[in-house]
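# Coordinate analysis (summary)
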Amino acid sequence: MADSTAPPPIDRCHECGAPLEERVVDYATRAVDPCTKRDLPVVVRGLPVLQCTKCSERVLTGAAVDRVDEERTRAILHARLRRPPCPSSVPRSLPVLFFGDLFAARIATIGLNPSDREYLDRDQRLLDGADRRFETLASLVAIKREALTAEHCRRAIETMRGYFRPGRPVYSWFRSLDRVTRGIGFRYGAGEVAHLDLVQEATQPTWSELQKERPEEARALREADLPFLLWQLQAFPLNAVVCNGRTALEEIGRLVKARPMERGEFRRITWSVGLAFVLDRPLGVVGWNLPLARAGLHAEEEEALGALLRARIEGLGTTGAQKP
Ligand SMILES: [Zn+2]
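Quick caveat, the model's predicted, so the values are computed rather than measured.

Here is what the cut-offs are and how they apply
Residues numbered from 1 in each chain as written. Predicted model: local features only at pLDDT ≥ 70, side-chain atom pairs only at ≥ 80, totals over all residues. Buried ≥ 20, exposed ≤ 12 C-beta atoms within 10 Å, placed from the backbone. Helix = DSSP H or I, 4+ residues; strand = E, 2+ residues; numbered from the N terminus. Pairing = 2+ DSSP bridges. Expected span 1.5 Å × (residues − 1). Bend = angle between axes of the 7 residues up to and from the residue. Contact = placed C-beta atoms within 7 Å. Core = buried A, V, L, I, M, F, W, Y, C linked by C-beta atoms within 7 Å. Domains from an automatic or database assignment. Axes fitted to C-alpha atoms, helices over the stretch in contact; angles between N-to-C directions. Parallel < 35°, antiparallel > 145°, perpendicular 65-115°, else oblique. Nonpolar A, V, L, I, M, F, W, Y, C, P; charged D, E, K, R; others polar. Left-handed = near helix turned anticlockwise from the far one by under 90°.

## Points about the pairing of strand S5 (residues 193-197)
Counting buried positions along S5 gives five out of five residues, so the element sits mostly inside the fold. Across five bridges, the pairing between strand S4 (residues 107-111) and S5 is parallel. Looking at the pairing, Ala-108 lines up with Ala-194 of S5.

Following this line, the structure appears as structure tokens:
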């Protein structure tokens, strides 16, 4: 198929000019852990490359570049899963990297940290069986986070991606946010919205209590986890983030250097819309000053708030071609 706009095929080595040949190799590279800034080794097995017949220089083409990117992303996600827990992490829990399919989502809601109720029942027992929402060290039969295998990590991530799939036990906390995002035009249940947190650890006590009782630990945890959140906003192609409450809105605003565009009142809350650029990609930053659980909005008002924000977000142009 002749396509005048396609680049000419690469058939010569740019180093020495010798011909290239197709080879399938185990390709070794690195990713940088956004939290520790350390190099993570990445090996992509069975990668088709063009290799120089003389100097062994390698050239990656379209699909191979995507696979290397995927493996780098995977290495960073696995490193976060393997980071040791904090003193206040729910015992035998794993950090929640995302709720729902961040790989496919168009927008993400943002909160403080996962509730301990994502892992524990009313009697403080680890959720199990049909009630379990995430993988745990118990469900994976793993001794500690540092010992998680690639297969453990893969399962933990698949369960996170499936959080909002029909029939799964979704925490009721998401109902209000679901109504707002429906008003915006995107649904958790359809895989269009994922949820992220400033801190990925589910803690006991809850975040607000932890900040009062052990402010040093809360600060250390926040500083350790925010770089991971920033990396997520850079690595995954989101159009907008929707921040539930003042703390989430202010932290995200600082993290991505959002420029405030518009603000207004709706019932008891003050909403705002801003625009940021992450790695040159525009990102809408939307939010309000009170967590929905305390805002006292009726269900219809939550949807109306979403509809009000929808027009503003579309005005930013970050949602690109509107979904069909
Ligand atoms: Zn060469």
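Here the narrative resumes.
## A look at helix H6 (residues 215-235)
Helical geometry note: an α-helix holds 3.6 residues per turn, so side chains three or four residues apart project in the same direction. Between its first and last C-alpha atoms H6 spans 30 Å; for 21 residues at 1.5 Å apiece the expected length is 30 Å, and the two agree. Its axis deflected by about 25° at Asp-225, H6 carries its strongest bend there, up to four residues before the proline Pro-227. Regarding H6, the residues found buried are Ala-218, Leu-221, Asp-225, Phe-228, Leu-229, Gln-232 and Leu-233. If you follow the buried residues of H6, they end up packed against helix H1 (62-82), S5, helix H5 (207-213), helix H7 (246-256), strand S8 (269-278) and strand S9 (281-288).

## Some details on the nonpolar core
Grouped burial of nonpolar side chains is what soluble globular proteins tend to show. One finds Ile-107, Ala-108, Met-160, Val-241, Ile-252, Leu-283 and Val-285 to be the most contacted residues of the largest nonpolar core, which totals 66 residues. No other element matches the five residues that H6 contributes to this core. There are two domains that each give this core at least three residues, and those are domain 1 (20-82) and domain 2 (107-316). Setting aside chain neighbours within four positions, we find Ile-252 in contact with Ile-110, Val-241, Cys-243, Ala-258 and Val-285.

## Description of the packing of H1 against helix H3 (residues 150-161)
Here H1 crosses H3 at 95°, and the two axes come no closer than 10 Å. The orientation of H1 relative to H3 falls into the category roughly perpendicular. Counting all contacts with H1, which are made through Leu-77, His-78 and Leu-81, the residues of H3 involved are Ala-150, Cys-153, Ala-156 and Ile-157. Broken down by class, the residue content of the contact of H1 with H3 amounts to six nonpolar, one polar and no charged.

## Details of the domain arrangement of the protein chain
Often, the extent of an interface is quoted as the loss of accessible area on bringing the components together. Domains assigned within the protein chain are domain 1 (20-82) and domain 2 (107-316). Domain 1 and domain 2 are separated by 30 Å when their C-alpha centres are compared. Counting residues at the interface gives nine residues for domain 1, matched by 14 residues for domain 2. Considered class by class, the residues forming the side of domain 1 that touches domain 2 number five nonpolar, two polar and two charged.

## Looking at the sheet that holds strand S3 (residues 58-59)
Reading across the sheet, the three strands line up as S1-S2-S3 and stay open at both edges, with antiparallel pairing between neighbours. Strand pairing shows two members of the sheet lacking a second neighbour, strand S1 (20-32) and S3, which therefore form its edges. On the sheet, H1 packs against S1 and strand S2 (39-52) and is oriented at approximately 170° with respect to S2.

## Structural notes on the environment of Glu-250
Here Glu-250 lies in helix H7. Counting along the chain gives 38 residues from Glu-250 to Trp-288, while the straight-line C-alpha distance between them is 9.9 Å.

## Overview of the environment of Pro-260
Note that Pro-260 resides in strand S7 (residues 259-266). Using a count of 11 C-beta atoms within 10 Å as the deciding quantity, one classes Pro-260 as exposed. Residues Pro-260 and Glu-21, spaced 239 residues apart in sequence, show a C-alpha to C-alpha distance of 52 Å. In this view, Pro-260 contacts Ser-272 and Gly-274; residues no more than four positions away in its chain are not counted.

## Things to note about unusual backbone geometry
Following Gln-204, the chain continues to Pro-205 via a peptide bond in cis, the omega torsion being 0°. Inspection of the secondary structure assignment puts Pro-205 in the loop between S5 and H5.

## Considerations on the sheet that holds S4
Strand order in the open sheet made by the six strands is S5-S4-S6-S9-S8-S7, with mixed pairing throughout. The sheet is open, and its two borders are formed by S5 and S7, each paired with just one other strand. For this sheet, the mean angle separating the axes of adjacent strands, direction not counted, is 20°. As defined by bridge partners, strand S6 (residues 240-244) adjoins S9 across five bridges and the pair is classed as parallel.

## Section: the packing of helix H4 (residues 174-184) against helix H9 (residues 299-316)
Working note: a packed helix pair is described by the angle between its axes plus the distance between those axes. Running from amino to carboxyl end, H4 crosses H9 at an angle of 40°, the nearest separation of the two axes being 6 Å. Judged by the inter-axis angle, H4 sits oblique to H9. Crossing of H4 against H9: the hand is right-handed. Contacts between H4 and H9 pair Ser-176, Arg-179, Val-180, Thr-181, Arg-182, Gly-183 and Ile-184 from the former with Ala-299, Glu-302, Glu-303, Ala-304, Leu-305, Gly-306, Ala-307, Leu-309, Arg-310 and Ile-313 from the latter.

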